Amino acid sequence: MTPPPSKRRPTIDDVSAAAGVSRGTVSRVLNGGHWVGPDALAAVNAAIKKTGYRVNPHARSLATSRANSVAFLLTESHERLFEDPNFAVLMSGASRALSVHDISLVLIMAGNEDEQRRATEFVTAGHVDGVLLVSSHSGRRGLSEIIAAGVPAIACGVPLGFENKMGYVAADDYEGAREMVRYLTSLGRTRIATITGPEDTSGGMRRFEAYVDERADVFDETYVAHGDYSRSSGAAAMTALLTRHPDLDAVFAANDVMAAGALDVLLASGRRVPEDVAVGGFDDGPIAATTHPPLTTMRQPFDRISEEMVRLLLQVIGGERPAAMVLPTDLVVRESA
């Protein structure tokens, strides 16, 4: 028997004919839609769906000298990736936003010096078109090399020391933290402690500054304990705070994961939450609704953060200057305060 002829793969010319536009218009749509009117854009997208046309990534890469992929560069340990669900939310949102442009997302872990070196070498060798930098720490290697190599990059949060050289999308850490401390104060709480985030991150630094400023008239550094955003550090910090001030009546943790650790210790000590101690967090990640009791927190708009990071990165890849954006947070009141 003679095998049936294989079905011919649709081409740009097929899309052009089906849409009733030029081949150049189809090409512009496939490369981002610049200088294409809304009617032509709609016609081309409909024709792509009708013909079943798909971009050949290898041919496209050769033609554009691009990798058609973007790195999600996470400068945290592997344990933190699985402990903090916010990273997964950001990564999923970025992947969805990039998929619209037929661009793949590549996860790169860089939690220690060897990983940071390998990540920098990979990124600067041209294996990706750009970088989404997540959880950057000041003083860690890589940022200066990425900038010096001209690799397009957008950070999640303010990249300390590189604010004027790299674009970023950040939640308003300072105003959000001040609002949380004001809220705890409005409940009549007067002995309010805080568990800070890492001092080498913009979020950790700005949220602590907000606590200090909001408590300026009564600030006491013995009500401050430091954490690293992990649940275990939140538990250790809460234990230290209770040792110093067993009568404290509220605590603001700089992220929800540390707040969960603080709740573990408070409940194990026999204290009632919120009757004895009110607890507030920051992020409104998936863990906030599952703690006991559910956590009052400041919501970061993670979906929008990831979408805006992708949008700004694609602009930089396209030759535009890096831009920065700060998004507001929202107080979410649950049973912990």
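Just so we're clear, the structure is a prediction, and the values are computed from it rather than from any experiment.

**Q** Is there a simple way to explain the overall build of the chain in this structure?
**A** Along its length, the chain carries 13 helices and 12 strands. When its C-alpha atoms are laid out on the principal axes, the chain stretches across 85 × 45 × 40 Å. By residue count, 49% of the 337 residues in the chain fall in the buried class. Carbon and sulfur atoms make up 52% of the accessible area of the chain, which totals about 16200 Å². With 33 positive and 42 negative side-chain charges, the chain shows a separation of 9 Å between the mean positions of the two kinds.

**Q** How do you make sense of the pattern of salt bridges when you look at a structure like this?
**A** Pairing of side chains with opposite charge becomes possible as their charged atoms draw close. In total, this model carries 15 salt bridges according to the counting rule given. We note a salt bridge from R231 to D264, for which the minimum N-O separation is 2.9 Å. One end of the pair, R231, is in helix α11 (residues 231-244); the other, D264, is in helix α12 (residues 256-268), with 33 residues separating them in the sequence. Look at R231 and you get partly exposed, because its relative accessible area is 33%. Owing to a relative accessible area of 39%, D264 belongs among the partly exposed residues under this scheme. For E308, the salt bridge is made with R311, and the minimal N-O distance between the two is 2.7 Å. Pair noted here: E308 and R311 are both in helix α13 (residues 302-317), with a separation of 3 residues, about one helical turn. One network of salt bridges, in which partners are shared, links R178, R182 and E214.

**Q** What is the right way to look at unusual backbone geometry in this model?
**A** Among all residues save glycine, negative phi is the norm, and among peptide bonds the norm is trans. Omega for the bond connecting V273 with P274 falls within 30 degrees of zero, at 10 degrees, which places this linkage in the cis form. On the secondary structure map, P274 appears in the loop between α12 and β9 (278-280). Backbone torsion omega between H292 and P293 reads -5 degrees, so that peptide bond is classified as cis. Of note, P293 is situated in the loop between β9 and β10 (297-299). The residue D102 is not glycine, and still its phi comes out positive at about 60 degrees. Positionally, D102 belongs in the loop between α6 (85-99) and β2 (104-109). Given a relative accessible area of 41%, D102 falls into the partly exposed group. Even without a glycine there, the phi angle at D284 is positive, about 55 degrees. Assignment of secondary structure puts D284 in the loop between β9 and β10. We classify D284 as buried; its relative accessible area is 14%.

**Q** Explain α11 here, please?
**A** One turn of an α-helix holds 3.6 residues; hence residues three or four places apart share an orientation. Across its 14 residues, α11 extends 20 Å between first and last C-alpha, which sits within 8% of the 20 Å expected from 1.5 Å per residue. Of all the residues in α11, the buried ones are S233, G234, A235, A237, M238, L241 and L242. Among the structural elements, β6 (192-196), β7 (224-226), β8 (250-253) and α12 are those in contact with the buried residues of α11.

**Q** Help me understand the pairing of β6, please; the structure alone is not making it clear to me.
**A** Note on strand geometry: in a regular strand, side chains alternate between the two faces of the sheet. Counting buried positions along β6 gives 5 out of 5 residues, so the element sits mostly inside the fold. On β6, burial covers both faces: I192, T194 and T196 on one face and A193 and I195 on the other are all buried. Pairing of β6 with β8, which is carried by 4 bridges, proceeds in the parallel orientation. From the neighbouring strand, I192 faces β8, where its bridge partner is A250. Bridge count between β6 and β7: 3 bridges; the pairing is parallel.

**Q** Got a minute to help me understand the packing of aromatic side chains in this structure?
**A** What describes a pair of aromatic rings is the distance from one ring centre to the other and the angle between the planes of the rings. Here the structure, examined in full by the defined rule, presents 1 aromatic pair. For the pair Y211 and F219, a centre-to-centre distance of 6.3 Å together with 75 degrees between the ring planes defines the contact as edge-to-face. In this structure Y211 comes out as buried when scored by relative accessible area, which is 2%.

**Q** How do you make sense of the packing of helix α1 (residues 12-19) against helix α2 (residues 23-30) when you look at a structure like this?
**A** When two helices pack together, their arrangement is given by the angle between their axes and by how far apart the axes lie. One can describe the packing of α1 onto α2 by two numbers: an axis separation of 9 Å at closest approach and a directional angle of 110 degrees. Here α2 runs roughly perpendicular to α1, going by the angle between their axes. Residues I12, D13, V15 and S16 of α1 form the contact with α2, whose own contacting residues are R23, V26 and L30. Taken together, the residues of the contact of α1 with α2 sort by class into 4 nonpolar, 1 polar and 2 charged.

Cut-off values and rules
- All residue numbers here refer to positions counted from 1 along the written sequence of the relevant chain.
- Residues qualify for local features only when their pLDDT is at least 70, as the model is predicted, and side-chain atom pairs are given and counted only at 80 or more; totals for whole chains, interfaces and linings, by contrast, use all residues.
- Side-chain measures here rest on the full set of heavy atoms in the structure, leaving out hydrogens and waters.
- Numbering of helices and strands runs from the N terminus, with a helix taken as a DSSP run of H or I at least four residues long and a strand as a DSSP run of E at least two residues long.
- Working definition: with a 1.4 Å probe on protein chains only, accessible area under 20% of the residue-type maximum means buried, over 50% means exposed, and in between means partly exposed.
- Per-residue accessibility takes into account occlusion by the displayed protein chains alone, with areas from the Shrake-Rupley method and a 1.4 Å probe.
- Working convention for charge: Lys and Arg count positive, Asp and Glu count negative, and His plus the chain ends are omitted.
- Charge positions come from single atoms, namely NZ of Lys, CZ of Arg, CG of Asp or CD of Glu.
- We define a salt bridge as a side-chain nitrogen of Lys or Arg found within 4 Å of a carboxyl oxygen belonging to Asp or Glu.
- Every helix has an expected span of 1.5 Å times one less than the residues it contains.
- Contacts are residue-level and defined by heavy atoms, with any inter-residue pair within 4.5 Å sufficient.
- The rule for pairing is simple: two strands pair if DSSP sees at least two bridges between them.
- Aromatic rings from Phe, Tyr and Trp, taking only the six-membered ring of Trp, are treated as a pair when their centres fall within 6.5 Å; an angle between ring planes under 30 degrees marks them as stacked, one over 60 as edge-to-face, and anything in between as tilted.
- The axes used here are C-alpha line fits, helices contributing only the stretch in contact, and every angle between their N-to-C directions lies in the interval 0 to 180 degrees.
- Small angles under 35 degrees read as roughly parallel and large ones over 145 as roughly antiparallel, with 65 to 115 read as roughly perpendicular and the rest as oblique.
- Think of it as three bins: nonpolar holds Ala, Val, Leu, Ile, Met, Phe, Trp, Tyr, Cys and Pro, charged holds Asp, Glu, Lys and Arg, and polar takes everything else, Gly as well.

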